[in-house]
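Each chain is listed here by its residues.
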Amino acid sequence: MPSLIPVQQSGIWFLAFAIAAVAVVFILICLVLLVKDRGAPAWTKLGVSFALIAVCLLGTEWVRVTNGQTSLLQLLHKPHQVVLHWKPSSSAVIGYNVYRKAGNNADFVKLNSGTISGLTYTDDAVESGITYEYVTRSVDASGRESGDSNAVTLHVP
């Protein structure tokens, strides 16, 4: 479980947290006073409400990021990915290479930088609305690749 106060930033972290807490309390008091004041314009009340929400959201985001958790903005933006699984080669191999071609592109492009020892590969660099085709090739101890596996074609929504 992550610590609430990162060791390297403990003094700065506490200071920033204290300032944010004072800002939230100040804005909350202003909001309560504005709500009780019947003569205050509705836009002022709305603005102070948005300021309170913004400070709370930014504070939450800051705490998440400083604790090594995923940013709330990153949670909202879910990038597409393709997870490939394949059966092991019947030959003696040291691993596999994964190739992809996009759309009408005629050539397959190798995706992995080093030989993959497992039977799974995740492609995080896909875009919505594009059709991709994938093949794998096994690699032996001499670094020679086999021919293409059967191709898998899919359209990323």
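Here, the structure is the one placed above.
An account of the accompanying structure is given in this report. (Residues numbered from 1 in each chain as written. Predicted model: local features only at pLDDT ≥ 70, side-chain atom pairs only at ≥ 80, totals over all residues. Heavy atoms only, no water.)

Roughly 150 Å³ of volume is contained in the largest pocket. For the largest pocket, the full set of lining residues is Leu84, His85, Trp86, Tyr134, Val135, Thr136, Ser149, Asn150 and Val152. Contributing elements (two or more residues each) for the lining of the largest pocket: β1 (82-85) and β5 (131-139). Sorting elements by how many residues they give to the lining of the largest pocket places β5 first, with 3 residues. Taken together, the residues that form the lining of the largest pocket break down as 5 nonpolar, 4 polar and no charged. (1 Å grid on protein atoms, 1.4 Å probe; cavity = no way out; pocket = protein on both sides within 12 Å on 5 of 7 lines; lining within 4 Å. Points joined across faces, edges and corners; volume = space filled by probe spheres on them. Helix = DSSP H or I, 4+ residues; strand = E, 2+ residues; numbered from the N terminus. Nonpolar A, V, L, I, M, F, W, Y, C, P; charged D, E, K, R; others polar.)

Attention now goes to the environment of alanine 102. Assignment of secondary structure puts alanine 102 in strand β2 (residues 95-102). Classification of alanine 102 by relative accessible area gives partly exposed; the value is 30%. For the pair formed by alanine 102 and glutamate 133, sequence separation is 31 residues and the distance between their alpha carbons is 6.4 Å. Residues within four places of alanine 102 in sequence aside, it is in contact with Ile130, Thr131 and Tyr132. (Buried < 20%, exposed > 50% of the residue type's maximum accessible area, 1.4 Å probe, protein only. Contact = heavy atoms within 4.5 Å.)

Time to look at the sheet that holds strand β6 (residues 152-155). If you walk across this open sheet you meet the 4 strands as β3-β2-β5-β6, and the pairing is antiparallel. What marks the edges here is a single partner per strand, and that holds for β3 (109-110) and β6. Relative to β3, β2 runs antiparallel, the two being bridged by 2 bridges. Each residue of the ladder has a partner; that of tyrosine 99, found in β3, is lysine 110. (Pairing = 2+ DSSP bridges.)

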